2 protein chains.
Amino acid sequence: MRSVFHDQLEQISDGLVELSRLASEALGRASTALLEADLSLAEQVISDDEKIDALRRQIDNDTIDALARQQPVATDLRQLVTTLRMTSDLERAGDLARHVAKLTRMRYPDHVLPAELHPTFAEMAQVAEQMVLRSGEIIATLDTQGAAELKAQDDTIDRLHRAVFGILLDERFHGNTQLVIDATLLSRYFERYADHAVSVATRVVYLVTGGWNDDIDPDDRSWREHEAVAPHEVPRSEL
Amino acid sequence: MRSVFHDQLEQISDGLVELSRLASEALGRASTALLEADLSLAEQVISDDEKIDALRRQIDNDTIDALARQQPVATDLRQLVTTLRMTSDLERAGDLARHVAKLTRMRYPDHVLPAELHPTFAEMAQVAEQMVLRSGEIIATLDTQGAAELKAQDDTIDRLHRAVFGILLDERFHGNTQLVIDATLLSRYFERYADHAVSVATRVVYLVTGGWNDDIDPDDRSWREHEAVAPHEVPRSEL
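Cut-offs and rules
- Residues numbered from 1 in each chain as written.
- Chains lettered and ligands numbered in written order.
- Predicted model: local features only at pLDDT ≥ 70, side-chain atom pairs only at ≥ 80, totals over all residues.
- Heavy atoms only, no water.
- UniProt positions renumbered as here; feature names shortened; annotations may be inferred.
- Helix = DSSP H or I, 4+ residues; strand = E, 2+ residues; numbered from the N terminus.
- Buried < 20%, exposed > 50% of the residue type's maximum accessible area, 1.4 Å probe, protein only.
- Contact = heavy atoms within 4.5 Å.
- Areas by Shrake-Rupley, 256 points an atom, 1.4 Å probe, with all protein chains shown as cover.
- 1 Å grid on protein atoms, 1.4 Å probe; cavity = no way out; pocket = protein on both sides within 12 Å on 5 of 7 lines; lining within 4 Å.
- Points joined across faces, edges and corners; volume = space filled by probe spheres on them.
- Nonpolar A, V, L, I, M, F, W, Y, C, P; charged D, E, K, R; others polar.
- Axes fitted to C-alpha atoms, helices over the stretch in contact; angles between N-to-C directions.
- Parallel < 35°, antiparallel > 145°, perpendicular 65-115°, else oblique.
- Salt bridge = Lys/Arg side-chain N within 4 Å of Asp/Glu carboxyl O.
- Left-handed = near helix turned anticlockwise from the far one by under 90°.
- Expected span 1.5 Å × (residues − 1).

- Chain A is annotated in an unreviewed UniProt entry as Phosphate-specific transport system accessory protein PhoU from Ornithinimicrobium tianjinense.
- The UniProt entry for chain A carries the following text under Subunit (unreviewed entry): "Homodimer."
- Under Subcellular location (unreviewed entry), UniProt gives the following word-for-word description of chain A: "Cytoplasm".

1. Points about the overall build of chain A
Part 1: Per the secondary structure count, chain A includes 7 helices and 0 strands.
Part 2: For chain A, the succession of helices and strands along the chain, N to C, is α-α-α-α-α-α-α.
Part 3: Scored against the burial criterion, the 239 residues of chain A give a buried share of 60%.
Part 4: In chain A, 82% of the contacts between residues at least 6 apart in sequence involve partners at least 24 apart.
Part 5: Only carbon and sulfur atoms are counted for the fraction: they give 48% of the accessible area of chain A, which is about 9300 Å².

2. Let's talk about the environment of Gln44(A)
Residues and elements named next belong to chain A.
Part 1: When you line up the elements, Gln 44 lands in helix 2 (residues 39-70).
Part 2: The class for Gln 44 is partly exposed, based on a relative accessible area of 31%.
Part 3: Counting along the chain gives 15 residues from Gln 44 to Arg 29, while the straight-line C-alpha distance between them is 8.5 Å.

3. A look at the layout of surface pockets
Part 1: Size it by volume and the largest pocket reaches roughly 330 Å³.
Part 2: Lining of the largest pocket is provided by 19 residues; of these, Leu9(B), Ser13(B), Gln79(B), Ile139(B) and Leu142(B) occupy positions nearest its centre.
Part 3: Elements with a contribution of two residues or more to the lining of the largest pocket: helix 1 (4-36), helix 3 (74-107), helix 4 (118-141) and helix 6 (177-209) of chain B.
Part 4: The biggest single contributor to the lining of the largest pocket is helix 1 of chain B, with 7 residues.
Part 5: Split by residue class, the lining of the largest pocket holds 9 nonpolar, 6 polar and 4 charged.
Part 6: Estimated volume of the second largest pocket: approximately 200 Å³.
Part 7: Residue lining of the second largest pocket: Ser13(A), Leu16(A), Thr75(A), Gln79(A), Thr83(A), Met86(A), Ile139(A), Ala140(A), Leu142(A), Val204(A) and Leu207(A), and that is the complete set.
Part 8: Where the lining of the second largest pocket is concerned, the elements lending two or more residues are helix 1 (4-36), helix 3 (74-107), helix 4 (118-141) and helix 6 (177-209) of chain A.
Part 9: Class assignment for the residues of the lining of the second largest pocket results in 7 nonpolar, 4 polar and no charged.

4. Quick notes on the packing of helix 1 of chain A against helix 4 of chain A
All names here are of chain A.
Part 1: Packing of helix 1 against helix 4 brings their axes to within 8 Å, and their N-to-C directions diverge by 170°. The angle between the axes of helix 1 and helix 4 places the two elements in the roughly antiparallel class. Contact with helix 1, carried on its side by Ser 13, Leu 16, Val 17, Ser 20, Arg 21, Ala 23, Ser 24, Leu 27, Gly 28, Ser 31 and Leu 35, involves His 118, Phe 121, Ala 122, Ala 125, Ala 128, Glu 129, Val 132, Leu 133, Ser 135, Gly 136, Ile 139 and Ala 140 of helix 4 and no other residues of that element.
Part 2: Within the contact of helix 1 with helix 4, the residues separate by chemical class into 13 nonpolar, 8 polar and 2 charged.

5. Topic: the pattern of salt bridges
Part 1: Under the criterion given, the structure shown has 44 salt bridges over all chains.
Part 2: The salt bridge involving Asp60(A) is made with Arg85(B); its shortest N-O contact spans 2.7 Å. Of this pair, Asp60(A) sits in helix 2 while Arg85(B) is found in helix 3, placing the two residues in two different chains.
Part 3: For Asp60(A), a relative accessible area of 5% translates into the label buried.
Part 4: A salt bridge links Arg107(B) to Asp182(B); its shortest N-O distance comes to 2.7 Å. With Arg107(B) in helix 3 and Asp182(B) in helix 6, this residue pair connects regions lying 75 residues apart in the sequence. For the pair Arg107(B) and Asp182(B), one class covers both residues: buried.
Part 5: Among the ionic contacts, a cluster of salt bridges with common partners joins Glu18(A), Arg21(A), Glu25(A), Arg29(A), Asp48(A) and Lys51(A).

6. A few points about the packing of helix 4 of chain B against helix 5 (residues 144-169) of chain B
Residue and element names in this part refer to chain B.
Part 1: Between helix 4 and helix 5, the least distance of the axes is 10 Å, while the angle of their chain directions is 160°. By the angle between their axes, helix 4 is roughly antiparallel relative to helix 5. Classified by chirality, the crossing of helix 5 by helix 4 is left-handed.
Part 2: Counted by class, the contact of helix 4 with helix 5 contains 13 nonpolar, 7 polar and 5 charged residues.

7. Digging into the environment of Glu25(B)
Part 1: Counting through the fold element by element, Glu25(B) comes out in helix 1.
Part 2: Expressed as a C-alpha distance, the spacing of Glu25(B) and Ala97(B), which sit 72 residues apart in the sequence, is 9.1 Å.

8. A look at helix 1 of chain A
Part 1: Taking 1.5 Å as the rise per residue, helix 1 of chain A with 33 residues should run 48 Å; its terminal C-alpha atoms sit 48 Å apart, in good agreement.
Part 2: Where helix 1 of chain A ends, the next residue or the one after it, Ala37(A), has phi of about 50°, a positive value.

9. So, helix 3 of chain A
Part 1: The terminal C-alpha atoms of helix 3 of chain A lie 51 Å apart, and with 34 residues this matches the ideal 50 Å at 1.5 Å per residue to within 8%.
Part 2: Burial analysis of helix 3 of chain A places 29 of its 34 residues in the buried class, the great majority of the element.

10. Describing unusual backbone geometry
Part 1: The omega torsion across Tyr108(A) and Pro109(A) is 10°, close enough to zero to call that bond cis.
Part 2: With respect to the helices, strands and loops of the structure, Pro109(A) is situated in the loop between helix 3 and helix 4.
Part 3: Phi is positive for Ala37(A), close to 50°, though the residue is something other than glycine.
Part 4: Topologically, Ala37(A) is positioned in the loop between helix 1 and helix 2.
Part 5: On the basis of relative accessibility, which here comes to 12%, the residue Ala37(A) falls in the buried class.
Part 6: Phi at Gln71(B) takes a positive value of approximately 45°, unusual for a residue other than glycine.
Part 7: Within the secondary structure, Gln71(B) is located in the loop between helix 2 (39-70) and helix 3.
Part 8: The exposure class of Gln71(B) is partly exposed, given its relative accessible area of 23%.

Written as structure tokens, this is what we have:
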């Protein structure tokens, strides 16, 4: 027979899976809004972010309640502390989706991006959205193999992030300064969004394998990318 | 007579103050390196980031140890959970300082920024560095008034962030695309760094006043700024 406490832990885990689903849906919609200059979809993402924030609060409250009432130790304590970190990652991922939606709304009725940047951003959006959805499955199944997959997908994101800079820096590209600023920030938002999926998956690995020191900085890869954006370093094949 | 547990809590609080000092020092040095194209200082910031990460791990381990051994409730539990969030903020602030240093190193021996952007970035760096240092004082003294000061300083950061975009978008500005990308990312790093100081201070307020729901998103202000960067909206006085 399962204890009340383990039912609580399962409920918390279910909440995390739902949070990742909402964050994934938010980016999917924000990306469609971005690429189609769809104002009402952008507005929906912006207002729906409150649902993500509310669910995050609820999970955090349940987690802290479990810490206070159940006085857990060992694995259970680790799971609860890790939960607080994962809710933070997923809520932040939702914020980044909202940023994409807000930029879409700001530039409406114009498209934020010119057609030549659409394929790269469309692919980045699709991969990033899938990554956060996958992070939810990894939480549900404690699938440590899945974390390795997510890191591989993050390499794809890094390549696409570089490709955005490559397009902007190409001499054949003639966008104005506002567009360069917008594309730079957008690309950074997608890249950070994907980082949060990797963080969640890495925390699951630490949870399962028993380590504590999950001071993850997937963002550091973004610098390797950025280092690679000096014009002479961008492979022609990526332009 | 104080309990062992309260000595532990005090030691954890001291650790947080030191962590904020290190993160503040990192940004100060990174900014000097940026503005003076000082390679060895940039290298120092990059290598010293390990000290920040190590201290963060130590505080997190001590905090989790206290959760496991002392089974705290009420205020003590809140302090420990809040600590885990603050270490995350301060470590991330340190990462952003390292990003500034890495960009400095990448462009060396060139300066990353042209002279006309130096005053704005110098002011942004000084205010942001002070904010994280102040967040440490706020932790040490549980000074809820200090949080309000930090929010006011963050408005200054937002104004300077807007000013950077204003300069980039001004027709008199003739930087190349790489410079626009670099300046956009740098400005975003400083702005996010300052956000983490506000997060820390806001968490102290929640800790003192008893709330749990510190789902802080100071970053959202960055969007109001960004919304204001459309050329026609940037006040001439900020150019």
